Amino acid sequence: MFSFFKKDPLKQLNKQYSAKLEQAMFSQRNGDIKGYSQLTFEAEQILDKIKTLENKIT
């Protein structure tokens, strides 16, 4: 009945993914290569979650 109040988890994950990539970009620009690689790794993990959710939907 109130399903329109539920947030879309896919939309939230896409937002987190974009934020991680942006953080990684700024980290790389500042010369923090270790931070860049860590943030990129975290972004890839979020991308894997996105792909699994998309596969469940279709």
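Whatever comes next refers back to the structure up there.
Quick summary incoming for the structure in this document. The structure presented is a predicted model; accordingly, all values stated were derived computationally and were not measured.

Basis of the calculations
- Residues numbered from 1 in each chain as written.
- Predicted model: local features only at pLDDT ≥ 70, side-chain atom pairs only at ≥ 80, totals over all residues.
- Heavy atoms only, no water.
- Helix = DSSP H or I, 4+ residues; strand = E, 2+ residues; numbered from the N terminus.
- Rg over C-alpha atoms; globule rule 2.2 N^0.38 Å.
- Buried < 20%, exposed > 50% of the residue type's maximum accessible area, 1.4 Å probe, protein only.
- Areas by Shrake-Rupley, 256 points an atom, 1.4 Å probe, with all protein chains shown as cover.
- Lys, Arg positive; Asp, Glu negative; His and termini not counted.
- Charge placed at Lys NZ, Arg CZ, Asp CG, Glu CD.
- Axes fitted to C-alpha atoms, helices over the stretch in contact; angles between N-to-C directions.
- Parallel < 35°, antiparallel > 145°, perpendicular 65-115°, else oblique.
- Left-handed = near helix turned anticlockwise from the far one by under 90°.
- Nonpolar A, V, L, I, M, F, W, Y, C, P; charged D, E, K, R; others polar.
- Contact = heavy atoms within 4.5 Å.
- Salt bridge = Lys/Arg side-chain N within 4 Å of Asp/Glu carboxyl O.

Quick notes on the overall build of the protein
Helix and strand counts for the protein stand at two helices and zero strands. Computed over its C-alpha atoms, the radius of gyration of the protein comes to 14 Å, more than 25% above the 10 Å expected for a compact globule of 58 residues. Taken along its principal axes, the extent of the C-alpha atoms in the protein is 50 × 20 × 10 Å. Here the protein holds 58 residues, and the buried ones make up 17% of them. Summed over its atoms, the accessible surface of the protein is roughly 5,000 Å², and 56% of this surface lies on carbon and sulfur atoms. Counting 10 positive and 7 negative side-chain charges, the protein places the averaged centre of each group 6 Å from the other.

Observations regarding the packing of helix α1 (residues 9-29) against helix α2 (residues 33-57)
Interhelical geometry of α1 versus α2 gives an angle of 160° and a closest axis separation of 9 Å. The pairing of α1 with α2 is recorded here as roughly antiparallel in orientation. Crossing of α1 over α2 shows left-handed handedness. The class makeup of the residues in the contact of α1 with α2 is 14 nonpolar, seven polar and four charged.

Considerations on the side chain of S27
With respect to the helices and strands, S27 occurs in helix α1. Relative accessible area serves as the criterion here: at 11%, S27 is assigned to the buried category. Excluding anything up to four places from it in sequence, S27 contacts D32, G35, Y36 and L39.

Topic: the pattern of salt bridges
Opposite charge on two side chains lets them pair, provided their charged atoms get close. Applying the stated criterion across every chain, the model contains one salt bridge. Between E42 and K20 there is a salt bridge, with the nearest N and O atoms lying 2.6 Å from each other. Note that E42 is positioned in helix α2 and K20 in helix α1, a separation of 22 residues in sequence. Residue classification places K20 among the partly exposed residues on the basis of a relative accessible area of 22%.

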